[in-house]
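Listed below are the residues making up each chain.
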Amino acid sequence: MAETALLARCHWLLKARWVFVAALAGALALSDGGLNWQRHTAPLWAVAAFIALYNAGFTAVERRPKFCVIGERRGVGERIAAFVFVQMALDAIALTVLLGYSGGIGNPIAFFYIFHVALAGILLSRRLCYALASLATALVVAVAIAPLNYGFLSGVIQDAGVRRPEWPFVVAYLAAFACTMYVTAYVTTSVAADLRKRELELVSTAEALRQTSQKLAELEERKSLFMMTAAHQLKSPLAAVVSLLQAAGTAGVSPEKEKEMIARAVERANGAVRQVQELLDLARLRSLDPERQARKVLDFREVLDGVRATIAAQAEGKQVKIEFQAPDRAAWVEGNRDDLFVAVLNLVENGVKYTESGGTVKAALSPADGGWQLVVSDTGIGIPQAALPNLFKEFFRAGNAIRRKIEGTGLGLSIVEQIVRMHGGRIRAESEENKGSTFTVWLPRAP
Ligand code: ADP
């Protein structure tokens, strides 16, 4: 951003210099032809030509396509600043020669140096601005002490009765000049630094605003996608319930068939209720502000005990062995007991659900990384590699689970991930199809 502005100013400086050269040439042509002054304008023409020459050179450099490549490499800003500084230094030298041949320090154009110092204060660094102020002062001192004959203005000056200034005047003049240069440098660099700071603040605020609005737009998009998927997912069990009940009610259906259809309708309706419940859970968890949650320090082993008791019958019914391992000492974590219970239950329940009879589901808790690590592993159907990145997305179900017609909503792992995140933890899944899956949850230790 700053580089682009500097480049624009650099371009402007080159243009302004052409205007100056044109004005100088015009004035010299006028004085040569019109006015009856002594014709000592040759050195001044030479200065004009010198300025035109280096300006043409700088313009050519500036037009090179590579010169404008910004933002890709570091140090481009410094390069442009150095480019501008060299131009300004040459301007100062040209102005000094001009001054030397046109009346010395008595010529008011001596104050033209102020423009450059002020411009350097705005465009360049503090260091370069002071360097230019020092250069201008040194050059004017040189003009003041050099044995000049006032060049082509000498006639005018002598005609006007002006003499070479006395030393006390020269010293006072130079002191005033140096003061003007350094005060200009100080004021402009201070104001520019302040402005730059505010500009940076504005830029970062604008960037923060842009990011926020982008996040809001993404959130809105995710929200509507979520709503659409939720409605779609609910539609299928409800449509199944309607068609089952309609079929059961048609004439000629045997009582057994009718009973079976109603049982299937109840099963599908229960699935829909479960889905609504999970949707509500997820919405509730997402609406919570983790910072404002009432949290308690609790022993994570107790959560595991609760899950073991809840899952035992289900596992036994399916003939899946469950093994729990926990450390002997308390595993303190800070959080919400009910939510942590839901998360662990979901993982262990999935293990049982996606493991065939004779398989095993293990839940092992151990200290790790300054916190607690719970590894829930099973010897079940596994998850295809391609499905792993999408596992924690709402409504996502892996193809192998769907093909086997294992009931599910695809919401459980989203809920688990949300709970783990709210507790400052992390979760990851590893799996090999037909071999089993491992979910690793890490939670920070209670402070
Ligand atoms: P649900 O189990 O209700 O479908 P989840 O969000 O709990 O929803 O799981 C999402 C998907 O991840 C499941 O549909 C299944 O494909 C896969 N999955 C989760 N846990 C396991 C597991 N232990 N073994 C195999 N697949 C699993």
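Just so you know, these numbers come straight off a predicted model, no measurement behind them. (Residues numbered from 1 in each chain as written. Predicted model: local features only at pLDDT ≥ 70, side-chain atom pairs only at ≥ 80, totals over all residues.)

1. Focus: the packing of helix H2 (residues 42-63) against helix H3 (residues 76-100)
Two measures define how a pair of helices packs: the angle their axes make with one another and the distance between the axes.
Part 1 of the argument: At a minimum axis distance of 9 Å, the contact between H2 and H3 shows a crossing angle of 170 degrees. Looking at the two axes, H2 sits roughly antiparallel to H3. Between H2 and H3, the residues in contact are Leu44, Val47, Phe50, Ile51, Tyr54 and Phe58 and Gln87, Leu90, Ala94, Val97 and Leu98, respectively.
Part 2 of the argument: Considered class by class, the residues forming the contact of H2 with H3 number 10 nonpolar, 1 polar and no charged. (Axes fitted to C-alpha atoms, helices over the stretch in contact; angles between N-to-C directions. Helix = DSSP H or I, 4+ residues; strand = E, 2+ residues; numbered from the N terminus. Parallel < 35°, antiparallel > 145°, perpendicular 65-115°, else oblique. Contact = placed C-beta atoms within 7 Å. Nonpolar A, V, L, I, M, F, W, Y, C, P; charged D, E, K, R; others polar.)

2. Notes on unusual backbone geometry
Part 1 of the argument: A positive phi angle, near 60 degrees, is found at Gln319, a position not held by glycine.
Part 2 of the argument: Backbone geometry at Phe395 places phi at a positive 70 degrees, although glycine is not the residue there.
Part 3 of the argument: Mapped onto the elements, Phe395 comes out in the loop between strand S5 (371-378) and helix H11 (399-403).
Part 4 of the argument: Its 18 C-beta neighbours within 10 Å are what place Phe395 among the partly exposed residues. (Buried ≥ 20, exposed ≤ 12 C-beta atoms within 10 Å, placed from the backbone.)

3. With respect to the site of the ligand
Part 1 of the argument: Taken together, the neighbourhood of the ligand is formed by 21 residues, with Tyr354, Ala398, Ala401, Gly408 and Gly412 sitting nearest.
Part 2 of the argument: Breaking the shell around the ligand down by element, the ones donating at least two residues are helix H10 (337-353) and helix H12 (412-422).
Part 3 of the argument: With 3 residues, the single largest contributor to the shell around the ligand is H10.
Part 4 of the argument: When grouped by side-chain class, the residues that make up the shell around the ligand number 9 nonpolar, 10 polar and 2 charged. (Near = placed C-beta within 6 Å.)

4. What about the sheet that holds strand S4 (residues 360-368)?
Part 1 of the argument: Read from one edge of the open sheet, 5 strands run S2-S4-S5-S7-S6, paired in mixed fashion. Of all the strands in the sheet, just strand S2 (321-325) and strand S6 (426-432) have a single pairing partner and so form its edges. Taken over all neighbouring pairs, the strand axes of this sheet differ in orientation by 15 degrees on average, direction set aside. (Pairing = 2+ DSSP bridges.)

5. Structural notes on the confidence of the model for the chain
Part 1 of the argument: Of the residues in the chain, 91% have a pLDDT of 70 or more, and the chain-wide mean is 87.
Part 2 of the argument: Counted against residues more than four places away or in other chains, residues 151-162, with its pLDDT under 50, gives 24 contacts. (pLDDT = per-residue confidence, 0-100.)

6. Thoughts on the nonpolar core
Part 1 of the argument: In terms of nonpolar packing, the biggest core is built from 42 residues, with Leu304, Val344, Val348, Val416 and Ile419 touching the most fellow members.
Part 2 of the argument: Those elements that provide at least two residues to this core are helix H8 (255-287), helix H9 (300-318), H10, S4, S5, H12 and strand S7 (436-444).
Part 3 of the argument: With residues up to four places along the chain from it excluded, the contact list for Leu304 reads Phe324, Ala326, Val344, Ala363 and Leu365. (Core = buried A, V, L, I, M, F, W, Y, C linked by C-beta atoms within 7 Å.)

7. A look at the environment of Ala315
Part 1 of the argument: On the secondary structure map, Ala315 appears in helix H9.
Part 2 of the argument: Along the primary structure Ala315 and Leu225 are separated by 90 residues, whereas in three dimensions their C-alpha atoms are 35 Å apart.
Part 3 of the argument: If near-sequence neighbours (up to four positions away) are discounted, Ala315 is found in contact with Val320, Ile322, Val352 and Val361.

8. Points about the environment of Ala5
Part 1 of the argument: By secondary structure assignment, the location of Ala5 is in helix H1 (residues 2-33).
Part 2 of the argument: Overall, Ala5 belongs to the exposed group, with 12 C-beta atoms counted inside 10 Å.

9. Let's talk about the packing of helix H4 (residues 113-123) against helix H5 (residues 126-145)
Part 1 of the argument: Where H4 contacts H5, the two axes come as close as 8 Å, and the packing angle between them is 165 degrees. Compared by their axis directions, H4 and H5 come out roughly antiparallel. Along this stretch, H4 crosses H5, giving a crossing that reads as right-handed. Residues Tyr113, His116, Val117, Ala120 and Gly121 of H4 touch H5, and the partners they reach there are Leu128, Cys129, Leu132, Ala133 and Ala136.
Part 2 of the argument: In the contact of H4 with H5, the residues fall into 8 nonpolar, 2 polar and no charged. (Left-handed = near helix turned anticlockwise from the far one by under 90°.)

10. A short note on H10
Part 1 of the argument: Here H10 spans 24 Å end to end across 17 residues, near enough to the 24 Å set by a 1.5 Å rise per residue.
Part 2 of the argument: Of the surrounding elements, those touching the buried residues of H10 are H9, strand S3 (332-335), S4, S5, H12 and S7. (Expected span 1.5 Å × (residues − 1).)

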